[in-house]
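Coordinate inspection notes
Spelled out, the chains give:
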Amino acid sequence: MANLDEAIKTLKLIARHSELLVSSHLNQSGEIPYTEENESLIRSLKASRLVWQLDETESVQVSSVLTRLIDHSLINYRRHVAHEAIADLWSHIAHLINDQYYPAKTKCATRDLERVTAEIQELCIELIEMIHSSTIRFSEYISSKFAFISDIELRIKKNEQVILQAQRLNDLLNTFTFDELTVTCGADVFLRRLFLKTFSKEVEKSRRNLLNSLHQLNDLLHSLRESAEINRLLELFERKYDNDRGFLPNIESLSRYPVFLRSSGRCIEDSFVNTSNILDEDILADLCQNTRDIPKAEEQSPPVTVEDVTEQDDEIVEQDIVNTMAEALILAAQSSSEFISALDVYDRLENQAYDTWLYALINTIEALPSDDRDSIQVAFVEKVDANFPNNYEILDIKVKENATSTI
Amino acid sequence: MSSYDPMFSSTLQALMSGGFICEVSNEKFYSYLSNSLVQDRVNQYLLQIDRELAQTSDEKAFFCAYSDAQSDAVQRTIRTQFKEVSNHLESFVRWIRLIVSINPAGVPIAAGEPLNKSTILGSIEQTPSHFEALKQLARTSYFKSNASDASGLVKAVLSKLVDAGYLVPVGRGGTQYQATAKWSWLYDVMAFIESHECLSEETENLHQPDMIDG
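Computed from a predicted structure; not experimentally measured.

Our focus in this paragraph is the overall build of chain B. Helix and strand counts for chain B stand at nine helices and six strands. Out of the 214 residues in chain B, the part that is buried amounts to 42%. Approximately 11,200 Å² of chain B is accessible, and the part contributed by carbon and sulfur atoms is 48%.

Structure below.
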């Protein structure tokens with residue numbers, strides 16, 4: 001519990017003096033001015049090991065632990081001003097090389113050279129990290145598509161701002177040219193390995209990512225502008241339909257039409273197979289195998305319950321009057337030496353077509369057993385068709401007993 | 001003698017069937033038609049039958065268009081088609097506005113955009129005004145639905161849009177759809193109507209304060 005209390009006490013102390021701590025980190029390189037009013041605060045911070053001071057005459061510095069914490073909380077701010085931070089850091093490295101590294105090397109001051117070398121290495125890594133994180137944030141915008149802003153017009157504005165930031169960063173990265181780096185490094189092996197090999201490779205990678213992000217941001221902006229334009233159009237039409245019920249645009253006055261109005265619709269019909277093509281006979285035969293449709297109704301019809309109908313009343317099916325008359329005519333003809341005219345009999349039929357009567361008679365005669373068929377003689381009264389001379393129109397059928405029959 | 005080219009044949013038949021070819025409706029044909037050499041070849045064929053290969057203004061869809069609209073018969077066809085679109089345009093406008101208000105990103109339906117039936121339904125069931133708008137929309141002569149519940153209404157609207165080539169179902173669940181580039185064509189037509197009917201000027205005039213004041 002004691003540990004817990006101590007941690008909570010420390011965090012509360014940081015919270016109580018957060019403004020001063022952040023301000024000293026941002027504006028005074030982590031230095032807290034030693035004033036009378038800060039005295040008790042400095043004492044408390046020292047007790048919690050959040051600040052350090054070499055001796056009473058030196059300034060009070062915020063500890064590295066606290067610096068890292070503040071740094072972490074300021075990541076978004078740092079990203080926004082990344083291009084400035086990158087430029088500052090690069091300028092710092094360049095000064096370090098010119099003011100400390102080269103002089104130390106010239107003087108063969110080994111310890112100073114080791115310290116400066118380590119510092120340059122660390123700053124170079126920090127610079128690479130800074131460039132990397134600055135480019136990464138643009139891909140975050142792309143994946144979110146600025147969806148955190150609900151209004152499409154504001155989203156367009158934000159997109160434009162981000163494109164500007166990306167362009168500025170790209171301009172900055174373009175300044176890290178091979179020539180500039182060569183001048184900075186001279187013939188020094190360590191610097192050439194660090195900047196011409198490691199650093200330039202990482203910068204190039206980040207630049208590629210940034211260009212890709214810029215391209216996608218521009219696409220996104222284009223698509224957002226298109227969406228905004230369509231939204232405007234939709235609102236316009238909605239208002240029009242609200243104000244003018246039954247609004248119907250027309251193009252009667254036009255003599256030329258834009259291409260999207262000239263859509264031809266369907267202009268192709270299904271073709272028929274050329275069945276006379278002998279080369280395709282085998283293929284057609286295969287295709288025809290499965291073309292016959294089995295009616296689904298037959299397949300799916302429910303089983304029919306068979307009822308016992310033996311107990312039910314007989315159903316009498318009445319014979320068709322035409323067939324009855326035809327049979328009667330034939331029966332009469334079998335014992336008549338005179339022709340009986342179908343036309344005469346037709347007069348006794350009511351509501352029947354003459355053609356139907358003639359067909360029924362002929363069909364009945366044709367259906368007779370051969371002996372009965374031989375017992376009658378059939379004569380047709382016909383006339384030649386006016387248009388087709390080989391065809392005859394039947395006017396009447398006459399039937400009488402066949403005198404030559406053996407029956 | 002030129003030989004039979006299955007890809008050319010299938011693509012042309014799809015075009016001549018009155019379809020809009022885009023990445024969503026038919027990725028294979030769209031990619032084939034994106035080649036300028038193929039476009040020339042297709043045009044050479046189509047020009048012989050008074051047709052040409054056309055694209056929407058955003059170049060997201062290909063379709064077959066009359067190359068010369070001077071004959072009376074073609075003009076009659078064009079006017080009939082335009083009347084058909086005009087008659088149902090209000091239904092489309094109301095539907096897209098409904099989707100825009102449901103969509104948290106506030107963007108209109110565009111080629112490639114996914115449409116989820118459950119998302120639409122969820123929003124409509126939660127917002128009475130959306131449900132009311134949908135009911136009115138579904139009763140229009142274009143959608144013609146007699147369904148009484150939100151699910152039936154949404155289903156009817158989506159099915160109609162699939163039949164008309166504006167949406168393509170994704171998967172077999174019947175809940176996921178993707179918009180085709182036929183919307184691009186509709187937006188082109190709307191932009192044309194806006195300028196032809198001077199709708200913007202009309203609206204500006206409506207919003208102008210009365211300048212003639214005694």
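Structure's up, so let's keep going.
Residues and elements named next belong to chain B. Read across the sheet, three strands follow the order β4-β6-β5 without closing on themselves; strand pairing throughout is antiparallel. Strand pairing shows two members of the sheet lacking a second neighbour, β4 (114-116) and β5 (167-170), which therefore form its edges. Neighbour-to-neighbour, the strand axes of the sheet open up by a mean angle of 35°, direction not taken into account. Where β5 and strand β6 (residues 176-179) come together, four bridges link them in antiparallel fashion. Bridge assignment links V168 to a residue of β6, and that residue is Q178.

Quick look at the side chain of S206 of chain A now. The residue S206 of chain A is located in helix α10 (residues 189-243) in this model. Not counting residues within four places of it along the chain, the set of residues in contact with S206 of chain A comprises I131, H132, T135 and L173 of chain A.

For the coordinates displayed, the defined rule picks out 22 aromatic pairs over all chains. Between Y101 of chain A and F190 of chain A, the aromatic rings sit 5.8 Å apart at their centres with planes inclined by 40°, giving tilted as the arrangement. Of this pair, Y101 of chain A sits in helix α6 (residues 82-106) while F190 of chain A sits in helix α10, placing them 89 residues apart in sequence. Seen from their ring centres, F92 of chain B and Y142 of chain B are 4.9 Å apart, and the 50° between their planes marks the pair as tilted. One end of the pair, F92 of chain B, is in helix α4 (residues 72-102); the other, Y142 of chain B, is in the loop between α6 (128-138) and α7 (150-163), with 50 residues separating them in the sequence. Each member of the pair F92 of chain B and Y142 of chain B is classed as buried. An aromatic cluster is defined as three or more aromatic residues linked by ring pairs; in this entry it consists of F92, Y142, F143, Y166 and W183 of chain B. Over the ring of F247 of chain A we find K240 of chain A; its NZ or CZ atom is 4.9 Å from the centre of that ring. Note that K160 of chain B overlies the ring of Y142 of chain B, its terminal NZ or CZ placed 4.7 Å from the centroid.

Moving on, we come to helix α5 (residues 117-126) of chain B. Residue and element names in this part refer to chain B. If you check which residues of α5 are buried, you get K117, I120, L121, S123 and I124. Buried residues of α5, viewed axially, fall in a sector of 165°; they line one side. Residues of α5 that are exposed and point over 90 degrees away from its buried face: E125 and Q126. For α5, the elements touching its buried residues are α4, β4, α6 and α7. Looking at where α5 begins, the residue whose side-chain oxygen comes 2.9 Å from the main-chain nitrogen of S118 is N116.

Turning our eyes to something else, we now look at the interface of chain B and chain A. Every contact between the two is made by 53 residues of chain B and, on the other side, 42 residues of chain A. Here chain B and chain A share an interface that buries about 4,400 Å² over both sides, 61% of which is from carbon and sulfur atoms. Our count for the contact surface shared by chain B and chain A stands at seven salt bridges. E194 of chain B is the partner of R232 of chain A in a salt bridge, and the nearest nitrogen-oxygen pair spans 3.1 Å. Element by element, the count of residues in the side of chain B that touches chain A is highest for α4 of chain B, at 14 residues. Taken together, the residues of the side of chain B that touches chain A sort by class into 26 nonpolar, 15 polar and twelve charged.

Attention shifts here to the nonpolar core. Counting residues in each nonpolar core, the largest one holds 65 residues, and the members touching the most others are W95, W183 and L186 of chain B. If you list the elements that add at least two residues to this core, you get α10 of chain A together with β3 (61-66), α4, α5, α6, α7, β6 and α8 (182-196) of chain B. No other element matches α4 of chain B, which puts 13 residues into this core. Here W95 of chain B is in contact with I109, L115, I120, L134, L137, V157, L158, L161 and W183 of chain B, once residues within four sequence places are set aside. Counting residues in hydrophobic clusters, the runner-up holds 45 residues, among them V116, L123, L127 and A166 of chain A.

Our next topic: the confidence of the model for chain B. Taken residue by residue, chain B gives an average pLDDT of 89. The fraction at 70 or more is 93%. As a predicted assembly, this complex carries a pTM of 0.61 together with an ipTM value of 0.89.

Tracing the sequence through the fold places S255 of chain A in the loop between α10 and α11 (281-289). A relative accessible area of 47% means that S255 of chain A is categorised as partly exposed.

With that out of the way, let us pick up the sheet that holds strand β6 (residues 392-401) of chain A. Residue and element names in this part refer to chain A. Ordered by their spatial adjacency, three strands build an open sheet running β4-β6-β5, and the pairing between neighbours is antiparallel. In the strand order of this sheet, the two ends are held by β4 (340-341) and β5 (376-384), each with one partner. Judged from the two bridges that link them, β4 and β6 form a sheet pairing that is antiparallel. Residue pairing in the sheet places I340 in a bridge with V399 of β6. Where helix α15 (residues 354-366) meets the sheet, its contacts fall on β5 and β6, and the angle it forms with β6 comes to roughly 45°.

Phi angles above zero are rare outside glycine, and D50 of chain B is one such case at about 60°. Tracing the backbone shows D50 of chain B in the loop between α3 (36-47) and β2 (51-55).

Counted by the stated rule, this structure contains 19 salt bridges over all chains. For R41 of chain B, the salt bridge identified is with D5 of chain B, shortest N-O distance 3.2 Å. Residue R41 of chain B is found in helix α3, and its partner D5 of chain B is found in the segment before α1 (6-16); the two are separated by 36 residues along the sequence. When salt bridges with common partners are traced through the structure, they connect E235, E238 and D242 of chain A together with E90, R94 and R97 of chain B into a single cluster.

On to the pairing of β2 of chain B. All names here are of chain B. Relative to β3, β2 runs antiparallel, the two sharing five bridges. Looking across to β3, one finds that L53 is bridged to C64. With antiparallel pairing between neighbouring strands as the criterion, β2 and β3 make up a hairpin whose turn holds five residues, including E59 at a positive phi of roughly 60°.

Residues and elements named next belong to chain A. Between helix α8 (residues 152-174) and α10, whose axes approach to 9 Å, the crossing angle comes to 160°. Classified by the angle between their axes, α8 and α10 sit roughly antiparallel to one another. Classified by chirality, the crossing of α10 by α8 is left-handed. Among the residues forming the contact of α8 with α10, the class breakdown is 16 nonpolar, eight polar and five charged.

What counts, and where the lines are drawn
Residues numbered from 1 in each chain as written. Chains lettered and ligands numbered in written order. Predicted model: local features only at pLDDT ≥ 70, side-chain atom pairs only at ≥ 80, totals over all residues. Heavy atoms only, no water. Helix = DSSP H or I, 4+ residues; strand = E, 2+ residues; numbered from the N terminus. Buried < 20%, exposed > 50% of the residue type's maximum accessible area, 1.4 Å probe, protein only. Areas by Shrake-Rupley, 256 points an atom, 1.4 Å probe, with all protein chains shown as cover. Pairing = 2+ DSSP bridges. Axes fitted to C-alpha atoms, helices over the stretch in contact; angles between N-to-C directions. Contact = heavy atoms within 4.5 Å. Phe/Tyr/Trp six-rings, centres within 6.5 Å; stacked < 30°, edge-to-face > 60°. Lys NZ or Arg CZ within 6 Å of the ring centre and 35° of its normal. Arc of directions from axis to C-beta. Polar contact = N/O pair within 3.5 Å; in protein donor to acceptor, adjacent residues only side chain to side chain. Buried area = accessible area lost by both parts, 1.4 Å probe. Salt bridge = Lys/Arg side-chain N within 4 Å of Asp/Glu carboxyl O. Nonpolar A, V, L, I, M, F, W, Y, C, P; charged D, E, K, R; others polar. Core = buried A, V, L, I, M, F, W, Y, C linked by side-chain atoms within 4.5 Å. pLDDT = per-residue confidence, 0-100. Parallel < 35°, antiparallel > 145°, perpendicular 65-115°, else oblique. Left-handed = near helix turned anticlockwise from the far one by under 90°.

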